[in-house]
Amino acid sequence: MELSRRPRPRTRITVRDDERYVRRNVAKLTHMHEASQPAPWKMGDAPKDFIDTMVKAIVALEIEITSLVGKSKLSQNKEVRDIQNAGEMLNARGVNGMGEAMLAVAAAKSQ
């Protein structure tokens, strides 16, 4: 019996363990996640030696996605009327590209 393998995205992974890179990205993430708080925490709120120790313990990974492989299913296992209704609802909500694609699938399936 042959097992099929799902396509996986192609990536390049770079280990980024330089302190400036890590510190800059921790600061960006902190700012992003703390922004909605009434009193946002900043890295400068903690003792410098604590932050220095924590930053040295982090190894950052930079993951560059170089390609993706995907499939469109568009409810192929559904009845024609269900696919058509879904396409019409998507169009009504302004998701016209997907709605039109669903309607085309429904039309092709009804022939």
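Before reading on, note that the structure itself is shown above.
Residues numbered from 1 in each chain as written. Predicted model: local features only at pLDDT ≥ 70, side-chain atom pairs only at ≥ 80, totals over all residues. Heavy atoms only, no water.

Draft legend 1. Summary view of the side chain of Asp52. Within the fold, Asp52 resides in helix H2 (residues 48-56). A polar contact is formed between the side chain of Asp52 and the side chain of Arg23, at a distance of 2.7 Å. (Helix = DSSP H or I, 4+ residues; strand = E, 2+ residues; numbered from the N terminus. Polar contact = N/O pair within 3.5 Å; in protein donor to acceptor, adjacent residues only side chain to side chain.)

Draft legend 2. Molecular detail of the packing of helix H1 (residues 19-34) against H2. Taken N-terminus to C-terminus, the directions of H1 and H2 make an angle of 110°; their axes are 9 Å apart at the nearest point. Classified by the interaxial angle, the pair formed by H1 and H2 is roughly perpendicular. Seen from above, H1 lies across H2 with right-handed handedness. Between H1, through Glu19, Val22 and Arg23, and H2, the contact on the second element is made entirely by Ile51, Asp52, Val55 and Lys56. (Axes fitted to C-alpha atoms, helices over the stretch in contact; angles between N-to-C directions. Parallel < 35°, antiparallel > 145°, perpendicular 65-115°, else oblique. Left-handed = near helix turned anticlockwise from the far one by under 90°. Contact = heavy atoms within 4.5 Å.)

Draft legend 3. Quick look at a nonpolar patch on the surface. Among the surface-exposed residues, Ile13, Val15, Val59, Leu61, Ile63, Ile65 and Leu68 lie close enough to one another that they form a single nonpolar patch of about 740 Å² accessible area. Broken down by secondary-structure element, the contributors of at least two residues to the nonpolar patch are strand E1 (10-16) and strand E2 (60-67). The element contributing the most residues to the nonpolar patch is E2, with 3 residues. One can find Val15 in strand E1. You can call Val15 exposed: its relative accessible area is 52%. (Patch = residues over 30% accessible without salt bridge, like charges linked within 9 Å, V, L, I, M, F, W, Y side chains within 5 Å. Areas by Shrake-Rupley, 256 points an atom, 1.4 Å probe, with all protein chains shown as cover. Salt bridge = Lys/Arg side-chain N within 4 Å of Asp/Glu carboxyl O. Buried < 20%, exposed > 50% of the residue type's maximum accessible area, 1.4 Å probe, protein only.)

Draft legend 4. Here's a closer look at the nonpolar core. Counting residues in hydrophobic clusters, the biggest one holds 7 residues: Tyr21, Val22, Met43, Ala46, Ile51, Val55 and Ala60. Residue assignment for this core shows that the elements contributing at least two residues are H1 and H2. Those residues in contact with Tyr21, other than ones at most four positions away along the chain, are Arg16, Ala60 and Glu62. (Core = buried A, V, L, I, M, F, W, Y, C linked by side-chain atoms within 4.5 Å.)

Draft legend 5. View of the environment of Ala60. Looking at the secondary structure, you find Ala60 in strand E2. Separated by 12 residues in the primary sequence, Ala60 and Lys48 place their C-alpha atoms 20 Å from one another. Discounting chain neighbours no more than four positions away, the residues touching Ala60 are Thr14, Val15, Arg16, Tyr21 and Val22.

Draft legend 6. Main features of helix H3 (residues 80-92). With 13 residues, H3 should cover 18 Å at 1.5 Å per step; its first-to-last C-alpha distance of 18 Å lies within 8% of that length. All buried positions along H3 are accounted for by Ile83, Gly87 and Asn91. Buried positions in H3, seen along its axis, are confined to an arc of 75° and lie on one side of it. Exposed side chains of H3 directed beyond 90 degrees from the buried face belong to Arg81 and Ala92. Its buried side turned inward, H3 meets helix H4 (96-110). Directly beyond the C-terminal end of H3, a positive phi value near 90° is found at Gly94. (Expected span 1.5 Å × (residues − 1). Arc of directions from axis to C-beta.)

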